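So you can see what is in the structure, the chains are spelled out below.
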Amino acid sequence: MAGPIAGFQGLLKIGAATVAQVQEVDADFEATLEDVSVMGDRARDFLPTLYKGTIKAKLEYDMTDTTGQLAIQNAFFANPPTLLAMTFSPANAATNTTYTLSCYVAKIGIKDAVDKVISNDIDFQPTGPITVA
């Protein structure tokens with residue numbers, strides 16, 4: 001059995017461009033489970049129906065990253081908002097797992113404190129299927 005994997009090798013991409021200054025990515029996927037229990041059966045039964053996900057990224061603010069962070073910001077403020085093609089690879093080559101999805105930018109949170117590095121917290125809302133390879 002493989003041991004722990006260091007996360008520093010992870011990649012977050014918009015299109016073909018790797019997003020710069022990524023510190024953390026949280027990918028949450030959730031299935032809706034429909035209760036299909038019937039009388040006469042004491043146990044609950046469930047049927048999975050739809051799934052959804054959210055991707056949250058914590059970045060060091062860097063608008064010189066024109067194909068990453070600036071492209072994300074521009075997609076959020078565009079009228080209408082721009083649908084982005086995204087890939088996320090936790091620990092990249094160490095896991096050989098890539099999540100590919102289309103998403104909208106749901107939230108941008110810029111934090112600027114006098115004693116800290118400026119951070120850029122971004123929430124992405126996937127839409128449509130998520131491919132895992």
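Each remark here, short or long, concerns the structure printed above.
Residues numbered from 1 in each chain as written. Predicted model: local features only at pLDDT ≥ 70, side-chain atom pairs only at ≥ 80, totals over all residues. Heavy atoms only, no water.

Undergrad: I'd like a description of helix 1 (residues 69-77), backed by residues and values.
TA: Turning to helix 1, its buried residues are Gln69, Ile72 and Ala75. Axial view of helix 1: buried residues confined to an arc of 125°, hence all on one face. The secondary structure elements touched by the buried residues of helix 1 are strand 1 (11-14), strand 4 (46-60), strand 5 (84-89), strand 6 (99-111) and strand 7 (119-132). (Buried < 20%, exposed > 50% of the residue type's maximum accessible area, 1.4 Å probe, protein only. Helix = DSSP H or I, 4+ residues; strand = E, 2+ residues; numbered from the N terminus. Arc of directions from axis to C-beta. Contact = heavy atoms within 4.5 Å.)

Undergrad: Quick one: what's the story with the nonpolar core, residue by residue and with numbers?
TA: The biggest cluster of nonpolar side chains holds 18 residues, and the ones touching the most others in it are Leu12, Ile14, Ile72, Leu84, Met86, Val105 and Phe124. For Leu12, the residues in contact, after removing those within four places along its chain, are Ala17, Thr18, Val19, Val22, Val25, Ala57, Met86, Thr87 and Phe88. (Core = buried A, V, L, I, M, F, W, Y, C linked by side-chain atoms within 4.5 Å.)

Undergrad: Could you give an account of a nonpolar patch on the surface, with specific residues and numbers?
TA: On the surface, Tyr61, Ile110 and Ile118 cluster together into a nonpolar patch covering about 240 Å² of accessible area. Mapped onto the elements, Ile118 comes out in the loop between strand 6 and strand 7. (Patch = residues over 30% accessible without salt bridge, like charges linked within 9 Å, V, L, I, M, F, W, Y side chains within 5 Å. Areas by Shrake-Rupley, 256 points an atom, 1.4 Å probe, with all protein chains shown as cover. Salt bridge = Lys/Arg side-chain N within 4 Å of Asp/Glu carboxyl O.)

Undergrad: I'd love a proper account of the pairing of strand 1, names of residues and values included.
TA: Burial along strand 1 is one-sided: Leu12 and Ile14 are buried, while Leu11 and Lys13, pointing the other way, are not. Pairing between strand 1 and strand 5: four bridges, direction antiparallel. If you follow Ile14 over to strand 5, its bridge partner there is Met86. Alignment of strand 1 against strand 2 (residues 17-18), held across two bridges, turns out to be antiparallel. If you follow Lys13 over to strand 2, its bridge partner there is Thr18. What sits between the antiparallel neighbours strand 1 and strand 2 is a turn of two residues, in which Gly15 has the positive phi angle 60°. (Pairing = 2+ DSSP bridges.)

Undergrad: Tell me about the side chain of Asp123, residues and numbers included.
TA: As for its position among the elements, Asp123 is in strand 7. In this structure Asp123 touches Ile55, Lys56, Tyr104, Val105, Ala106 and Lys107, once residues within four positions along its chain are discounted.

In short, the description is geometric, and any link to function would need to be established separately.
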